[in-house]
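# Coordinate inspection notes
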Protein chains: 4
Amino acid sequence: MKLFRFLALVLIASSVFAQSKKSSPNKDAVIKSVEVHQQELIKISDAIWGYAETALQEHKSSKELADYAEKQGFKVTRGVAQMPTAFIAEFGSGKPIIGIMGEYDALPGISQKAQPTKEALHTGGGGHGCGHNLFGAGSLGAAVAIKELIQQGKLKGTIRFYGTPAEEAVGGKIYMARDGLFNDVDVCLDWHPDIETTALTQSSQAMVDFIVEFKGKAAHAAADPWNGRSAVDGMELFLDGVNMLREHVKPSVRMHYAIKAGGDVPNVVPEYAKVWMWVRDSKRDGVEAVFSRVKDIAKGAALMAGIESTITIQTGDYELLVNRTGATALQKNLEKLGPIIYTPEEISFAKKIQEASGGEQVGLNGAIQPLKETEKDPSGGSTDVGDISWIVPEITLVATTAPENTAWHGWSVVACAGMSIGHKGMLFASKALAMTMVDLFENEQLRKDVRAEFEKKRNGHVYKAYIPDGPPPVPTN
Amino acid sequence: MKLFRFLALVLIASSVFAQSKKSSPNKDAVIKSVEVHQQELIKISDAIWGYAETALQEHKSSKELADYAEKQGFKVTRGVAQMPTAFIAEFGSGKPIIGIMGEYDALPGISQKAQPTKEALHTGGGGHGCGHNLFGAGSLGAAVAIKELIQQGKLKGTIRFYGTPAEEAVGGKIYMARDGLFNDVDVCLDWHPDIETTALTQSSQAMVDFIVEFKGKAAHAAADPWNGRSAVDGMELFLDGVNMLREHVKPSVRMHYAIKAGGDVPNVVPEYAKVWMWVRDSKRDGVEAVFSRVKDIAKGAALMAGIESTITIQTGDYELLVNRTGATALQKNLEKLGPIIYTPEEISFAKKIQEASGGEQVGLNGAIQPLKETEKDPSGGSTDVGDISWIVPEITLVATTAPENTAWHGWSVVACAGMSIGHKGMLFASKALAMTMVDLFENEQLRKDVRAEFEKKRNGHVYKAYIPDGPPPVPTN
Amino acid sequence: MKLFRFLALVLIASSVFAQSKKSSPNKDAVIKSVEVHQQELIKISDAIWGYAETALQEHKSSKELADYAEKQGFKVTRGVAQMPTAFIAEFGSGKPIIGIMGEYDALPGISQKAQPTKEALHTGGGGHGCGHNLFGAGSLGAAVAIKELIQQGKLKGTIRFYGTPAEEAVGGKIYMARDGLFNDVDVCLDWHPDIETTALTQSSQAMVDFIVEFKGKAAHAAADPWNGRSAVDGMELFLDGVNMLREHVKPSVRMHYAIKAGGDVPNVVPEYAKVWMWVRDSKRDGVEAVFSRVKDIAKGAALMAGIESTITIQTGDYELLVNRTGATALQKNLEKLGPIIYTPEEISFAKKIQEASGGEQVGLNGAIQPLKETEKDPSGGSTDVGDISWIVPEITLVATTAPENTAWHGWSVVACAGMSIGHKGMLFASKALAMTMVDLFENEQLRKDVRAEFEKKRNGHVYKAYIPDGPPPVPTN
Amino acid sequence: MKLFRFLALVLIASSVFAQSKKSSPNKDAVIKSVEVHQQELIKISDAIWGYAETALQEHKSSKELADYAEKQGFKVTRGVAQMPTAFIAEFGSGKPIIGIMGEYDALPGISQKAQPTKEALHTGGGGHGCGHNLFGAGSLGAAVAIKELIQQGKLKGTIRFYGTPAEEAVGGKIYMARDGLFNDVDVCLDWHPDIETTALTQSSQAMVDFIVEFKGKAAHAAADPWNGRSAVDGMELFLDGVNMLREHVKPSVRMHYAIKAGGDVPNVVPEYAKVWMWVRDSKRDGVEAVFSRVKDIAKGAALMAGIESTITIQTGDYELLVNRTGATALQKNLEKLGPIIYTPEEISFAKKIQEASGGEQVGLNGAIQPLKETEKDPSGGSTDVGDISWIVPEITLVATTAPENTAWHGWSVVACAGMSIGHKGMLFASKALAMTMVDLFENEQLRKDVRAEFEKKRNGHVYKAYIPDGPPPVPTN
């Protein structure tokens, strides 16, 4: 997840719901299955944590998960959607087809040991600052539990695990979506490491990621600057224009950029400049409207500086279509499972992190948060799960794997993702997702209701990925 | 003159030239004539000084001069070139036709008494901060002197006085030039009040004066600014672009502007903005090249802000084509006349002004400055005499009417223009210009040489005024 | 009101509430009283509509209301808070003291006849485009009704009418608040013309209104621009800085400005520049935080341009502290009164306006809108009623006086404010406010509950006006 | 030399001077000496051309020259001024001490074969696009010739060769000057490859080279940009300020920059930004005045963006103090030597280059250009020879080593520097510099006159290098 989404959420203490205590044999079975495979799942997660491979470099991480799925009897297809580290593991046949996604890419430069004080495991190396090692293994654990029930004839249909790389960069799911790999799925699930535990009912921002380049004409900056056309002038004017546009976009819009090239040496009028920019809004329409203005701004800036400009779309996320029907089903299972309970050592670990981060030392929040109202606008952040949610109804869990009051995408999240705090969140997620999949396999009406809400919200829109044809560029960190 | 051109000139003390002391009866006659009419000329000058009428409002001033010319026997045509305050006074017939120009417009807001300390004559009123009251009367005095010689049969041809209004604003000469009023002239002369005395050998800057307007769409700035398109945003971007362009123009270019409209109230996204701007360079070609860039900048800025822009040319001056042959002839007459001599009271008056202005108290400089080399680039400033110099060879005198070390276009220049310091400069100019006209009437070879230099420098260029058809807009001060 | 606040409100059709039909003799009496005085109130309103006097110029309008109050037996104090057009009209004695406010200033430049097509009554004159002619008369009508009950001994305490000028400009209420004129009031009421009818439950934005001035050093822009320090450069940099700040303020913030001075003529480096600016946010704390950044931006811009800057606060509004207890009491009375019913002629009048405005021709909305949830952030707009709401619990009604789908602060609002559509809204407001005051006089517990909510929300904050000592500057339109 | 200085120079065909044909045995001897050592000098030059080592990496190049000097009997001190590639080679003793400088650093990225069409010798490698391979060897050849005369007792005093590295980057001479290595020299000489041949009489620009860094506070650009303080905002404002300053600096000033850091990824408010900038003017005072404004602009921009800024001076050149007395002495020797004569093959080589460069095919200009007037302002460009010229009188030759109408610092200059066209210029320079050194050793009055002009122009100024203590940073190309 590309943001600290949760920071803005109201953290209300878990309320006690009247819980349905009615027993369900299949649910009991999946809980049992996760417990049986527990050590294997932790081992996989820890291995991926140790590899800490960044986007599209997740060769060992991807193999770890795919090999395990294969060993468990899944039919595995590797290298899908032109990405060597993307794969699909499937079991069973026929309808319904329930999908579940797992991520496993790390973030560059935040290598960290599994300890409550900052210290790199491999200096300069990557780290799982978004907990994707847990994400992949946890989802696969849920898929395995369902597979066993299908194998035993207790559920009918297909379970399909999606190994989705590069969430932190190009958005691997978008390439898989573009290539139609989700088209036949009935319902899809995923989860994400977090600082609290609940069924997600908030959307995420739609986003477009693009490059603006300016090409001018070099000249000696002291001898004949009047013969030069500065690409950097054009870029500065473009940025001025973007900053003025801020007054004239809705409050839900976010625009941000980094200057990636702005001249080599002072004494040459620079002929090349480059900006990397994102535009986000609550809905894709809003993004398109602003992006259209940004295109004009680039053209206008180039005209002003007497140079050329080009805009190249790199990728783009859709906003998440929240499925409250699905979320409500998931939430019931969370409440059945009850809160995640921590040992005094784990709480102390969390408090040390909070101390080191200068945050209030409140420990860990394992309580199940009540289902929240869906806000009109999401807080700032985007995810490629959004794209999937426009093809198939999507149900998302967030589960605690780290304490609050410390920076997400930082060393402390890496630390927790490599020890028991993270493991507990992962196993909880495995169980909760598997239970919800039991509901979806068993309950046709639930599938219909989930689909009906999806169709109503999608409102006939036909998904089209932002990305062009061909494989994604491999990022260089 | 729209500048403190002289401030940048090297002030070398007058050297003593070997002067031709050969007597010329006609030159003696014109000197005598100016002395005979001296009190009348001073009276006219003082009257115009008192009227202090600004551009295109010079009704009384223009009448003062035209009536005197008529009384002296000139054939006067009033209201030429669609300007009620422009006129031509002519005497004689046939070739050669020698022209001489006089200005008489004041500057707004600098009313001042004829005293060495700052005090308005009429609070808020105009003042002759560029000494044009002297300019008009001085030139007319020279024309009268020549007229007498033609009348007496001592010179053959036509003397023509041009009453040229609005130099400080739209440039009356440009309208007269556009309408062909200078086309049949052989040589034209003018002079300008200054802080030193010499034949002018420096050019002035070519210039274009234009308005840039931006039109957007209003919206409530708090309730729905996203529905507005800010004209002020476009203007700010335009100005950013202009300021970036400065790196990429030659050092001789000058660009400057004033913001004339930028929104009424904060709580409305402004739908209108307006900039008044000038671009100058040493030559018209340079101005055109930069102006072309500025047009693109306005278009680009409008595109960036999602609005419309328009550029309207108001007027434009050509650079002055220096005629060194003519200047050399004039310079000889200056040297014949010798320096302007001041009384102790006048010197004290000047020093008080310098004291009040915080400048060094060096008094007045009545010495004849030697002819200077023509610099590659003029110092900053423009004049509508430049336009005339592309139609007919132009000879320009500058004569001391105020002390140095005080701001031109300021109260102190007004003060001196209304008392004996100014009068002395004016009478000196009358004599010097009349003497040079005697040379031009008597000496066909001189006329040919002056014309030859002119043709060589003009190099086939056909003059075309910047201004559109129709009369000038009357400025509102 | 300085905004189209209502445009962003959800316009839900009036639902039918189970209305308490229990009779209340005092409520019946005030309804009757308004009906008795109906023609007088309309006459006053129409007179003020005709005067159309703008802020602090409302001499005749203010007199119209004050004279009527005096005639009705109120004790009138004119010229309070150093404003000749502010007054207080009081009747009764002792506690409780219930206040009610009335405005009467017009907007410049939107003179309009009482007809459904655009045509000025007095070309260039002002107009009641915010319906304040109705506001003043309507509130006074309610006060008169209460006065009669006190006079008859049916209610005990004091009724106090506040004649509050200049809402559209400096904010007259702020001056009255600063001078302590509201300190002893128990509850205060007001209403505002609108396109719908309901008890207001939305806040308004806190705001600060200030001037930023830049002072540099003039120089000739062509001859020696290097000796100048451009005030306009400083202003442009300031605005660049403000536009960059937009990325780093919360989405609820609004910043907007108008350039009021930016140079006189192009050929002088400008020594003076001036921006008029507003900063708004949902709460005063937010405004203060942003304003503090803006002050640094002005200082930094001045340092960059080598000039001086000064910031002068003109005025500032507090956000409105919504009192839901009071609003609920008011809402009950609205529902008792039932919807405003229009004649076919009135509906046709409204539709013609909507046609002329290019809006959907839906006619008038006289239905009582249900009480709305209070949004976290108000939509964009501010009012000086906000200041009063921090001194005393404030209850605000909005009542339909104009159709939707046409611009507020425009000719069509003026038109309706001068004929029966406006009159109906005004009389409805008189009745509803008087009924609610009956509740407040009769029901001590209601007063206590209203006060309790107020104290809780105010949370110990001591009101301090933004404005300095002394009388307000009289605006020049 | 960091510029195309010569492009702006008027290229007047060589006029024929009345040349003194009086024989001078020592001058004949030095000419002979250069001819004797000719093949060695060419070999050294070609070796350095092949190494093409960039600034402070010139280990082999420096060794090539130092070893040869040592072999010729000079006392060599290597690694002076904390630079391993700087050295001094000295011969003789006592006064006068005549210095001569040689450079040998190449430019990165312009590797080229010695052929008239563009083709890299080593792809991506450096190249002698400023002809410094010729510069070092040519100067050393002159020093060797003088050494032989001292050795033979025909001249008395000391000859000292300065091996000065890194002219194209940090300016090695500035470090040597800072460390006092030129303090005891009577007169110093140097030359530079060029497109024409003359004694240099034009100054170069004073310059300061500095880094501006901005440090803000990171935040998630979508989730809470209001908690970030963007370093890039500060940088953009700084650049806006610099671009506005352009209007208010003299036409001789040049300011130019490259953006070296401007954010890593769009979704983080950038906490770091960096600009590399140069300010130049005709005189150091002018540079200081502008630099002082730039410092304020950086401070103001940081204040506006709520961040920190720091400015770090990297280096700075003084303007060259032209010594016309010395130049006149040099010019006489040039005229004695007469023009450089080219073969038809060399002319054809030059024309092919001009064809490939799109320039007029005028061939080579080997004529001796007449001594030019010293312009008020140099054309744009700077050199660290400027620093030396403030410590000791400096005489500079420019000699043709490449054709005109092609870009300096480009492949064509590399090509010529590696074949006979370059060699001819180098040998001509050796002879001319040696002859002028003969004059300086033999003629005490000449030394006095040269010194007198120097002292008059230096006017008591005590040289202080821009650079801090310690060795220079080694550039990474």
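For clarity, every value in this text was computed on a predicted model and none was experimentally measured.

## Considering the overall build of chain A
Secondary structure summary: chain A contains 12 helices and 11 strands in total. Rg of the C-alpha trace for chain A: 23 Å, near the compact-globule value of 23 Å for 477 residues, within the 12% margin. The principal-axis extents of the C-alpha atoms in chain A amount to approximately 85 × 50 × 40 Å. Evaluated residue by residue, chain A yields a buried proportion of 65% over its 477 residues. Taking all contacts inside chain A whose residues are at least 6 apart in sequence as the whole, residues at least 24 apart take part in 82%. When the accessible surface of chain A is split by element, carbon and sulfur atoms take 53% of a total near 16600 Å². Computed over 51 positive and 57 negative side-chain charges, the separation of the two mean positions in chain A equals 4 Å.

## Things to note about the relation of the copies chain A and chain B
In this arrangement, two copies of a chain are superimposed by a rotation about an axis accompanied by a shift along the axis. Take chain A, turn it by 179 degrees, move it 0.1 Å along the axis, and it overlays chain B with an RMSD of 0.1 Å. Both copies of the chain, as the preceding transformation shows, are related through a two-fold rotation axis. For chain A, the minimum C-alpha distance to the rotation axis belongs to A:G300 and amounts to 1.9 Å.

## Brief notes about the interface of chain A and chain B
Taken together, the 28 residues of chain A in the interface contact 28 residues of chain B. Summing the contributions of chain A and of chain B, the shared interface buries around 2400 Å²; its carbon and sulfur component is 64%. Across the contact surface, chain A and chain B share zero salt bridges. Between chain A and chain B we count six residue pairs in polar contact (both at pLDDT 80 or more) in total. Contributing elements (two or more residues each) for the side of chain A that touches chain B: α5 (231-245) and α6 (284-305) of chain A. The element best represented in the side of chain A that touches chain B is α6(A), accounting for nine residues. For the side of chain A that touches chain B, the per-class residue count stands at 13 nonpolar, six polar and nine charged.

## Overview of the sheet that holds strand β1 (residues 75-78) of chain B
Remark on secondary structure: sheet strands pair via backbone hydrogen bonds, oriented parallel or antiparallel. Residues and elements named next belong to chain B. Taking strand neighbours across the sheet as the criterion, the seven strands line up as β1-β2-β4-β3-β5-β11-β6 in an open arrangement whose pairing is mixed. What marks the edges here is a single partner per strand, and that holds for β1 and β6 (198-199). Bridge analysis of β1 against strand β2 (residues 87-92) gives four bridges, and the strand direction is antiparallel. Each bridged residue has a counterpart across the sheet, and for V76 the counterpart in β2 is A89.

## Observations regarding the nonpolar core
In terms of nonpolar packing, the biggest core is built from 140 residues, with A:F238, B:F238, C:F238 and D:F238 touching the most fellow members. Beyond its immediate stretch of four places on either side in the chain, B:F238 contacts A:M304, B:V212, B:F214, B:V275, B:M277, B:V294, B:I297, B:A298 and B:A301.

## Description of the sheet that holds strand β6 (residues 198-199) of chain C
Residue and element names in this part refer to chain C. Read across the open sheet, the seven strands follow the order β1-β2-β4-β3-β5-β11-β6; overall the sheet is mixed. Sheet topology places β1 (75-78) and β6 at the edges, where each strand pairs with a single neighbour. Relative to strand β11 (residues 394-400), strand β5 (residues 187-194) runs parallel, the two being bridged by seven bridges. Across the sheet, residue C188 finds its bridge partner in β11, namely E394.

## Focus: the pattern of salt bridges
Under the criterion given, the structure shown has 84 salt bridges over all chains. Here A:E35 makes a salt bridge to A:K431, at a shortest N to O gap of 3.1 Å. With A:E35 in helix α1 (residues 25-51) and A:K431 in helix α11 (residues 420-442), this pair connects stretches of sequence that are 396 residues apart. Given a relative accessible area of 15%, A:K431 falls into the buried group. Between B:D67 and B:K63 there is a salt bridge, and its shortest N-O distance comes to 2.7 Å. Of the two residues, B:D67 and B:K63 both sit in helix α2 (residues 59-71), four residues apart, roughly one turn of that helix. A residue is classified by how much of its surface remains accessible, and B:K63, at 47% relative accessible area, is partly exposed. Among the ionic contacts, a cluster of salt bridges with common partners joins A:K63, A:D67, A:E70 and A:R78.

## Focus on unusual backbone geometry
For the bond running from A:K95 to A:P96, omega is -5 degrees, close enough to zero to count as cis. Looking at the secondary structure, you find A:P96 in the loop between β2 (87-92) and β3 (97-102). Here the phi dihedral of B:A81 falls at roughly 50 degrees; this positive angle occurs in a residue that is not glycine. Here B:A81 shows up in the loop between β1 and β2. Given a relative accessible area of 8%, B:A81 falls into the buried group. The phi angle at C:N459 is positive, at roughly 55 degrees, despite the residue not being glycine. In this structure, C:N459 sits in the segment after α12 (444-458).

## Re α12(C)
Residues and elements named next belong to chain C. Over its 15 residues, α12 extends 21 Å from the first C-alpha to the last, a length consistent with the 21 Å expected when each residue adds 1.5 Å. Of the surrounding elements, those touching the buried residues of α12 are β3 (97-102), β5, α7 (324-337) and α11 (420-442). If you check the start of α12, you find a side-chain oxygen 3.1 Å away from the backbone N of Q445, and it comes from N443. Looking at the residues trailing α12, positive phi occurs at N459, about 55 degrees.

## With respect to the interface of chain A and chain D
Between chain A and chain D, the residue contacts involve 35 residues of the former and 35 residues of the latter. Summing the contributions of chain A and of chain D, the shared interface buries around 2700 Å²; its carbon and sulfur component is 58%. Considering only the surface of chain A that becomes buried against chain D, A:E236, A:I259 and A:P266 emerge as the three largest contributors, covering 22% of it. Run the count over chain A and chain D and you get zero salt bridges.

## Brief notes about the pairing of strand β11 (residues 394-400) of chain B
All names here are of chain B. Burial runs high along β11: seven of the seven residues are buried. What you see with β11 is no split at all: E394, T396, V398 and T400 on one side and I395, L397 and A399 on the other are buried throughout. Pairing between β6 and β11: two bridges, direction antiparallel. Residue pairing for β11: T198 is matched across the bridge by V398.

## Some points on the packing of helix α5 (residues 231-245) of chain B against helix α5 (residues 231-245) of chain D
Put simply, α5(B) and α5(D) touch, their axes get as near as 7 Å, and they point 65 degrees apart. At the point where α5(B) passes α5(D), the crossing takes the left-handed sense. Side by side, α5(B) and α5(D) meet where B:D240, B:N243 and B:M244 of the first sit next to D:D240, D:N243 and D:M244 of the second.

## Let's talk about the confidence of the model for chain A
Regions with low pLDDT carry predicted coordinates that are not meant to be interpreted in detail. All names here are of chain A. On average, chain A scores 93 in pLDDT, and the residues at 70 or more come to 95%. Below a pLDDT of 50 lies the segment residues 3-21, which in the model reaches 39 contacts outside its immediate sequence neighbourhood of four places, other chains included. This complex was scored by the predictor with a pTM of 0.90 and an ipTM of 0.87.

## Observations concerning the environment of B:L364
Residues and elements named next belong to chain B. Within the secondary structure layout, L364 lies in the loop between α8 (344-356) and α9 (385-388). Among the residues examined, L364 registers a relative accessible area of 14% and is labelled buried. C-alpha of L364 to C-alpha of I421: the two residues are 57 residues apart in sequence and 9.0 Å apart in space. Discounting residues that sit within four places of it in the chain, L364 has contacts with Y342, E346, I347, A350, A402, P403 and I421.

Definitions and limits used
- Residues numbered from 1 in each chain as written.
- Chains lettered and ligands numbered in written order.
- Predicted model: local features only at pLDDT ≥ 70, side-chain atom pairs only at ≥ 80, totals over all residues.
- Heavy atoms only, no water.
- Helix = DSSP H or I, 4+ residues; strand = E, 2+ residues; numbered from the N terminus.
- Rg over C-alpha atoms; globule rule 2.2 N^0.38 Å.
- Buried < 20%, exposed > 50% of the residue type's maximum accessible area, 1.4 Å probe, protein only.
- Contact = heavy atoms within 4.5 Å.
- Areas by Shrake-Rupley, 256 points an atom, 1.4 Å probe, with all protein chains shown as cover.
- Lys, Arg positive; Asp, Glu negative; His and termini not counted.
- Charge placed at Lys NZ, Arg CZ, Asp CG, Glu CD.
- Least-squares fit on C-alpha atoms with pLDDT ≥ 70 in both.
- Buried area = accessible area lost by both parts, 1.4 Å probe.
- Salt bridge = Lys/Arg side-chain N within 4 Å of Asp/Glu carboxyl O.
- Polar contact = N/O pair within 3.5 Å; in protein donor to acceptor, adjacent residues only side chain to side chain.
- Nonpolar A, V, L, I, M, F, W, Y, C, P; charged D, E, K, R; others polar.
- Pairing = 2+ DSSP bridges.
- Core = buried A, V, L, I, M, F, W, Y, C linked by side-chain atoms within 4.5 Å.
- Expected span 1.5 Å × (residues − 1).
- Axes fitted to C-alpha atoms, helices over the stretch in contact; angles between N-to-C directions.
- Left-handed = near helix turned anticlockwise from the far one by under 90°.
- pLDDT = per-residue confidence, 0-100.

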